[in-house]
Each structure stands twice: as C-alpha cells, then as structure tokens.
Amino acid sequence: MVVDCHDPERLAAFWCAVLDFKVIDRSEDKVEIGSWEPTVEEVRARQMPPTLVFIQVPEGKTVKNRLHLDVSPIDGSTDHEVARLLGLGAAKVDVGQGPGRSWVVMADPEGNEFDVLRTLAPPN
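Residues numbered from 1 in each chain as written. Predicted model: local features only at pLDDT ≥ 70, side-chain atom pairs only at ≥ 80, totals over all residues. Heavy atoms only, no water.

### Topic: the sheet that holds strand S6 (residues 91–92)
Let me state the cut-off plainly: For two strands to be treated as a pair, DSSP must find at least two bridges joining them. Runs of H or I in DSSP of at least four residues are treated as helices and runs of E of at least two as strands, each being numbered from the N terminus. It only takes one pair of heavy atoms within 4.5 Å for two residues to be counted as in contact. Note on method: axes are straight lines fitted to C-alpha atoms, helices fitted across the in-contact stretch only, with angles between N-to-C directions ranging 0 to 180 degrees.
Reading across from one edge, S5-S8-S7-S6 is the order of the 4 strands in this open sheet, with mixed pairing throughout. In this open sheet, the two strands that pair with only one neighbour each are strand S5 (69–71) and S6. Summarising the sheet, strand S7 (residues 104–107) and strand S8 (residues 113–116) pair through 4 bridges and their orientation is antiparallel. The residue of S8 that forms the bridge with Val-105 is Asp-115. Across the sheet, helix H3 (residues 78–88) touches S5, S6, S7 and S8, and the angle it forms with S8 is around 150°.

### Quick look at the sheet that holds strand S2 (residues 22–27)
Judged by pairing direction, the sheet is mixed, and its 4 strands sit side by side in the order S1-S4-S3-S2 without closing on themselves. Looking along the sheet, the strands with just one partner apiece sit at the ends: strand S1 (2–5) and S2. For this sheet the average axis-to-axis angle between neighbouring strands, irrespective of direction, equals 20°.

### Observations regarding the UniProt feature "domain: VOC" (unreviewed entry) in the protein chain
Here is the rule we go by: UniProt positions are given in the numbering used here, feature names are shortened, and annotations may be inferred rather than shown by experiment.
Using the residue numbers shown here, the UniProt feature "domain: VOC" (unreviewed entry) corresponds to residues 1–119. Along residues 1–119 the backbone is 24% helical and 28% strand, and the end-to-end C-alpha distance reaches 24 Å.

Dropping the structure here:
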C-alpha cells in the first residue's frame, strides 16, 4: 500500500511505532515498512500482510482519504491506545463521524486519517 507524503522518513517512523513494523527498504524519496521482509518464495507460499510504502510528493493532502487504516489495540484499552498514538504525534479529527461512535478517528502527522477500533485485548 502506498502513501503519498512530504516526509517519508518521518511518516515511516510514526507508522513503525504505531504498528510495530520495521523499515525494510529505503531510497532518497521512498521508505517501505512492514512486519516481514517480502521474498518471492514467501509471497508464493501464502498470503502475506501488506507493506506500507511512503513516497515523497510535492503536493499536499487536500481532502479526506478514500482509503484508511484501522488500528485495533491488542495490549490495552482503546482509550490507552488513543493516548499512546497522541503521544506519538497523531491527532483526533472530525470527519463528520458524529458522536457516540465505537471508534476514534485520528490523523497521522501529515493528516492522513485512520481509525482506532475496539480493543482485541482479552478482558481482565
């Protein structure tokens, strides 16, 4: 999955911290992150999770994203995850979702929206 941005290094670092990914490739204007390093053999052997590629572009973001990521915390509550993401540089945003939703809409440091969904952590 490709994300246009101004600062690929900064955005890749943010999403690595959010998703516990690592940088698997980089060049002057591009950084790819993932939970695994793709190889032809592994891709052919089974369906693998996508990687994220951040590519530097000159134009800025102008409208709400038509595609976004959903984050489901696995180690704590949704509120705890929202607080952690705010500490990493995310912001809460209003895209017209209205009150009383079970998810929280946030934006990464370059304004790309994503949702924090219900926690997957087992109840105490």
